[in-house]
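Chain residues, written in single-letter form:
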Amino acid sequence: QLVESGGGLMQAGGSLTLSCSVSGHTLNDYNVAWFRQAPETEREFVAVSRWRYNSTAYADSVKSRFTISRDNARNTVYLQMNNLKPEDSAVYYCAGSDLAGSLFLAEWDSWGQGTQVTVSS
């Protein structure tokens, strides 16, 4: 089970940190990613944290502004979002996978309920 928290309303240029609390899996061997979905758009990849080599990857649109990190002791993954833009407004979902940790939606089989992020201009 994955549970997101930390969403809210923020002005452009501000920062937010989202949390994804994971249960039923240990982060020591579990990949977690963040996706987002704005109204009338498809869900899109944002960032991934892979347990193997503790590697990360980001969508081009958030690279250098967002940072994904994990705390294995707390079994929680974070998404630090800086310099937020109105186009970052969306419902943010965390997802879990035992597979490779790819950028493709189909791989991810466990999902949280989502948390809303709204960025005003």
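Small disclaimer: the values here were computed from a predicted structure and weren't measured.

**Student:** Would you mind going over the nonpolar core with me for this structure?
**Tutor:** Soluble, globular proteins show a tendency: their nonpolar side chains are buried together. One finds W34, L79, M81 and Y92 to be the most contacted residues of the largest nonpolar core, which totals 32 residues. For Y92, the residues in contact, after removing those within four places along its chain, are E4, L18, W34, F35, R36, V46, F66, L79, M81, G114, T115 and V117.

**Student:** When you look at the sheet that holds strand 7 (residues 66-71) in this model, what are you seeing that I'm missing?
**Tutor:** Backbone hydrogen bonds hold the strands of a sheet together, and the pairing may be parallel or antiparallel. As summarised here, the arrangement of the 4 strands in space is 1-3-8-7, forming an open sheet in which the pairing is antiparallel. At either margin of the open sheet sits one strand with a lone partner, and together these are strand 1 (2-5) and strand 7. For this sheet, the mean inter-axis angle between neighbouring strands, taken without regard to orientation, is 15 degrees. Sheet topology places strand 1 next to strand 3 (residues 16-22); 4 bridges connect them, and they run antiparallel. Directly across from E4, in strand 3, lies its bridge partner C20.

**Student:** How should the side chain of E4 be read in this particular structure?
**Tutor:** The residue E4 is located in strand 1 in this model. One buried charged residue, E4, remains without a salt bridge, the closest side chain of opposite sign being R43 at 7.4 Å. A distance of 2.9 Å separates a polar side-chain atom of E4 from the backbone nitrogen of C94. At a separation of 2.9 Å, a polar atom in the side chain of E4 contacts the main-chain amide nitrogen of G114. Once you skip the residues sitting within four places of it in the chain, E4 turns out to touch S19, C20, W34, Y92, Y93, C94, G112, Q113, G114 and T115.

**Student:** Just checking my understanding: could you explain the state of the cysteines for this structure?
**Tutor:** One pass over the structure, following the stated rule, counts 1 disulfide. Shown here is the disulfide that connects C20 with C94, its sulfur atoms set 2.2 Å apart. Residues C20 and C94 are joined by a disulfide whose S-S torsion is about 70 degrees; by sign, that bridge is right-handed. In this pair, C20 is assigned in strand 3 and C94 in strand 9 (residues 90-97), connecting sequence segments 74 residues apart. When its relative accessible area of 0% is taken as the criterion, C94 is described as buried.

**Student:** What should I look at first to understand the pattern of salt bridges in this one?
**Tutor:** Pairing of side chains with opposite charge becomes possible as their charged atoms draw close. Inspection of every chain in the model, using the stated rule, returns 5 salt bridges. For the salt bridge of D88 with R36, the shortest nitrogen-to-oxygen distance reads 2.9 Å. Pair noted here: D88 is in the loop between strand 8 (76-81) and strand 9 and R36 is in strand 4 (residues 31-37), with a separation of 52 residues, a long-range link. Taken individually, D88 and R36 each receive the classification buried, so the pair is uniform in this respect. Two residues, D60 and K63, come together in a salt bridge whose shortest N-O distance is 3.2 Å. Judged by relative accessible area, which is 44%, K63 ranks as partly exposed. Ionic contacts of the salt-bridge type, sharing partners, join the residues R36, E44, R65 and D88 into one network.

**Student:** Just checking my understanding: could you explain the pairing of strand 7 for this structure?
**Tutor:** Side-chain positions along a regular strand alternate between the two faces of the sheet. Of the two faces of strand 7, the one lined by F66, I68 and R70 is fully buried and the one lined by T67, S69 and D71 carries no buried residue. Pairing of strand 7 with strand 8 involves 6 bridges; the strand directions are antiparallel. If you follow S69 over to strand 8, its bridge partner there is Y78. From the end of strand 7 to the start of strand 8, which pair antiparallel, there are 4 residues, and N75 there has a positive phi angle of about 55 degrees.

Thresholds applied
Residues numbered from 1 in each chain as written. Predicted model: local features only at pLDDT ≥ 70, side-chain atom pairs only at ≥ 80, totals over all residues. Heavy atoms only, no water. Core = buried A, V, L, I, M, F, W, Y, C linked by side-chain atoms within 4.5 Å. Buried < 20%, exposed > 50% of the residue type's maximum accessible area, 1.4 Å probe, protein only. Contact = heavy atoms within 4.5 Å. Pairing = 2+ DSSP bridges. Helix = DSSP H or I, 4+ residues; strand = E, 2+ residues; numbered from the N terminus. Axes fitted to C-alpha atoms, helices over the stretch in contact; angles between N-to-C directions. Lys, Arg positive; Asp, Glu negative; His and termini not counted. Salt bridge = Lys/Arg side-chain N within 4 Å of Asp/Glu carboxyl O. Polar contact = N/O pair within 3.5 Å; in protein donor to acceptor, adjacent residues only side chain to side chain. Disulfide = S-S within 2.5 Å.

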